[in-house]
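As a plain string of letters, each chain reads:
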Amino acid sequence: MTDFTIKAPAPKTTAKTGAKRAKAAVDKAVETVTEKAHVAAEFVGEKAEIGKTWTLEKAQAAHVVAEERPIALAVGTFVAGLVFGFLLARNFDR
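Worth saying up front: this structure is predicted, and the values here are computed from it rather than measured.

Definitions and limits used
Residues numbered from 1 in each chain as written. Predicted model: local features only at pLDDT ≥ 70, side-chain atom pairs only at ≥ 80, totals over all residues. Heavy atoms only, no water. Helix = DSSP H or I, 4+ residues; strand = E, 2+ residues; numbered from the N terminus. Buried < 20%, exposed > 50% of the residue type's maximum accessible area, 1.4 Å probe, protein only. Areas by Shrake-Rupley, 256 points an atom, 1.4 Å probe, with all protein chains shown as cover. Patch = residues over 30% accessible without salt bridge, like charges linked within 9 Å, V, L, I, M, F, W, Y side chains within 5 Å. Salt bridge = Lys/Arg side-chain N within 4 Å of Asp/Glu carboxyl O.

Attention now moves to the overall build of the chain. Within the chain, the secondary structure is distributed over two helices and zero strands. Among the 94 residues that make up the chain, the fraction classed as buried is 0%. Just so you have it, the chain exposes about 9000 Å², and 68% of that area is on carbon and sulfur atoms.

Okay, structure coming up:
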């Protein structure tokens, strides 16, 4: 005959080992997030410095052009204002 006894499976982990695993996972996650945040902060700092230098060069070049061609700057600004105003007015008419 066949044995029909039901055996309960032994628990593979107890509450203590589960808590230890969870604590280790949390510690590793915190360490990873801290490391990633540090790397991101360094990256942003480097890119901000590059952007500042690039913007300063472009601003100086734009200033020189504006001094050389004040009429062109005025006309260009006027046209940009017209286009922007037209787009705003069209958007508010809807």
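A separate point is a nonpolar patch on the surface. Taken together, the side chains of Ile71, Val75, Phe78, Val79, Leu82, Val83, Phe86 and Leu87 define a hydrophobic patch exposed on the protein surface, amounting to about 800 Å² of accessible area. Structurally, leucine 82 can be placed in helix H2 (residues 70-92).

Applying the stated criterion across every chain, the model contains two salt bridges. For aspartate 27, the salt bridge goes to lysine 23, with nearest N and O atoms at 3.2 Å. In this pair, aspartate 27 and lysine 23 both sit in helix H1 (residues 15-68), four residues apart, roughly one turn of the helix. Looking at lysine 23, the relative accessible area reads 54%, which means it is exposed. Two residues, glutamate 49 and lysine 52, come together in a salt bridge whose shortest N-O distance is 3.8 Å. Of this pair, glutamate 49 and lysine 52 both sit in helix H1, three residues apart, roughly one helical turn. A relative accessible area of 55% means that lysine 52 is categorised as exposed.

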